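Architecture at a glance
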Amino acid sequence: QVFPLDDRGYTRVLADGLPASVLGDRKSFTLRTGDMVPEDVIRSTLNRSYVITARFNVKKTGDAEGVLAAAGGYPAGFSLYVKQGRPTFTYNYFGENYTTVASREKLPRGQAVVRFEFAYDGGGRGEGGMAKLFVNDKLLGEKRLTATVPNAFTASETFDIGLDTGTPAALYASPVAFNGHLETVTVDLK
């Protein structure tokens, strides 16, 4: 009545592909400020299309700052954050290439919904795709990712909500806690 234990580690990944996710067959999950879950949860976004939606409140225009959601760290990962009042998404491809999509506009005062959409090209593991950033359903930034991490971001980082607890996933100094009221972050797998 317990999960099987298997200490083969990376050799198992090479032989069998990625192990089953702790998410099971879920296609959506919602987290809240301060949640830190194993990186295994966010590995479910690898090699597929997905959407990350953050709902929060902004006290005044241009005032918001900090991480909404971050996965992985310096070796590889991504971060959805607000920098100088502008929603931003950075994808860290093995520390070699940081691709950043930033909103052309600062967040307005009041309720905000920031949505990041990634449309995976398909055709194999680690392929690229189109990254789009929406604020209150308005497309405010897009950029192409030429490649993505195929197996895992790191071996020891987490998926964090409202801050980045480990090594930084983007080009900032961790933890960069969000200074507003972050209600929820929802990940939808396509």
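Let me begin by describing the structure that accompanies this report. Note that the coordinates shown come from a computational prediction; the quantities given were computed from them, not determined experimentally. (Residues numbered from 1 in each chain as written. Predicted model: local features only at pLDDT ≥ 70, side-chain atom pairs only at ≥ 80, totals over all residues. Heavy atoms only, no water.)

1. Some words on the overall build of the chain
To keep things clear, this is the line we draw: Put simply, DSSP H or I for four residues or longer makes a helix, DSSP E for two residues or longer makes a strand, and each gets a number counted from the N terminus. Accessible area is worked out with a 1.4 Å probe on protein chains only. A residue is then buried under 20% of its type maximum, exposed over 50%, and partly exposed in between. For this analysis, residues touch if any pair of their heavy atoms sits within 4.5 Å. Note that accessible areas follow from Shrake-Rupley with a 1.4 Å probe, and for residues the cover is restricted to the protein chains shown.
Summing up its helical and strand segments, the chain has two helices and 12 strands in all. Here the chain holds 190 residues, and the buried ones make up 46% of them. Considering only contacts within the chain whose residues lie at least 6 apart along the sequence, 62% involve residues at least 24 apart. Surface summary for the chain: the accessible area is close to 9,500 Å², and the carbon and sulfur share equals 52%.

2. Considering the pairing of strand 1 (residues 28-31)
Note the cut-off: Any two strands with at least two DSSP-identified bridges between them are counted as paired.
A one-sided burial pattern is seen for strand 1, the buried positions being Phe29 and Leu31 and the unburied ones Ser28 and Thr30. Relative to strand 12 (residues 181-189), strand 1 runs antiparallel, the two sharing four bridges. Each residue of the ladder has a partner; that of Ser28, found in strand 12, is Asp188.

3. Here's the deal with the sheet that holds strand 4 (residues 66-72)
So the rule is basically this: Angles shown run from 0 to 180 degrees and are taken between the N-to-C directions of axes, each axis being a line fitted to C-alpha atoms and, for helices, limited to the stretch in contact.
One open sheet accounts for six strands, arranged 2-11-4-5-6-7; its pairing is antiparallel. The sheet is open, and its two edges are formed by strand 2 (36-38) and strand 7 (97-102), each paired on a single side. Across this sheet, the average inter-strand angle for adjacent strands is 15 degrees, counted without regard to direction. Pairing analysis gives seven bridges linking strand 5 (residues 77-83) to strand 6 (residues 86-93), with the strands arranged antiparallel. Its bridge partner being in strand 6, Tyr81 is matched across the sheet by Thr88.

4. Here we look at the sheet that holds strand 3 (residues 50-58)
An order of 1-12-3-8-9-10 is seen for the six strands of this open sheet, with the pairing classed as antiparallel. Of all strands in the sheet, those with a lone pairing partner are strand 1 and strand 10 (138-145), marking the two edges. On average, each strand axis in the sheet is inclined to that of its neighbour by 15 degrees, with strand direction left out of account.

5. Description of the packing of aromatic side chains
Worth spelling out the cut-off: Think of it this way: a Phe, Tyr or Trp ring, Trp meaning its six-membered ring, pairs with another when their centres are within 6.5 Å, and the plane angle makes it stacked under 30 degrees, edge-to-face over 60, tilted otherwise. Over a ring means this: the NZ of a Lys or the CZ of an Arg is within 6 Å of the ring centre and within 35 degrees of the ring normal.
Applying the stated criterion to the full structure yields 12 aromatic pairs. With a centroid separation of 4.8 Å and 70 degrees between ring planes, the pair formed by Tyr93 and Phe94 is classed as edge-to-face. Put simply, the rings of Tyr50, Phe78, Phe89, Tyr91, Phe116, Phe118, Tyr120, Phe153 and Phe159 touch in pairs and so form one group of aromatic residues. Above the face of the Phe134 ring, Arg115 is positioned so that its terminal group lies 4.2 Å from the ring centre.

6. Some details on the nonpolar core
Nonpolar side chains in soluble globular proteins tend to be buried together. Inclusion rule: For our purposes a nonpolar core is just a set of buried Ala, Val, Leu, Ile, Met, Phe, Trp, Tyr and Cys residues, chained together by side-chain atoms within 4.5 Å.
In this structure, Phe56, Phe78, Leu80, Leu107, Phe153 and Phe159 are the most contacted members of the largest nonpolar core, which totals 43 residues. Once you skip the residues sitting within four places of it in the chain, Phe56 turns out to touch Leu68, Leu107, Gly110, Gln111, Ala112, Val114, Phe178, His181, Leu182 and Glu183. Formed by six residues, the second largest nonpolar core is a distinct cluster that contains Ala70, Tyr81, Ala169 and Ala170.

7. Observations regarding the pattern of salt bridges
Side chains carrying opposite charge are able to pair once their charged atoms draw close together. As a reminder of what qualifies: Salt bridges are counted wherever a side-chain nitrogen of Lys or Arg sits within 4 Å of a carboxyl oxygen of Asp or Glu.
The final tally for this structure, using the stated rule, is five salt bridges. Taking the shortest distance from any N to any O, the salt bridge between Glu117 and Arg115 comes out at 2.7 Å. With relative accessibility at 25%, the residue Glu117 sits in the partly exposed group. Put simply, Arg115, Glu117 and Asp137 are held in one network by salt bridges that share partners.

8. Some details on the environment of Phe118
Its location among the elements puts Phe118 in strand 8 (residues 110-120). Linking Phe118 and Leu189, residues 71 residues apart in sequence, is a C-alpha distance of 9.9 Å. Those residues in contact with Phe118 that sit more than four places away from it in its chain are Arg48, Ser49, Tyr50, Gly128, Gly129, Met130, Ala131, Leu145 and Thr148.

9. Overview of the environment of Val187
Tracing the sequence through the fold places Val187 in strand 12. Using a relative accessible area of 1% as the deciding quantity, one classes Val187 as buried. C-alpha of Val187 to C-alpha of Ser44: the two residues are 143 residues apart in sequence and 9.8 Å apart in space. Residues in contact with Val187, not counting those within four places in the same chain, are Lys27, Ser28, Phe29, Ile42, Thr45, Val51, Ile52 and Phe159.

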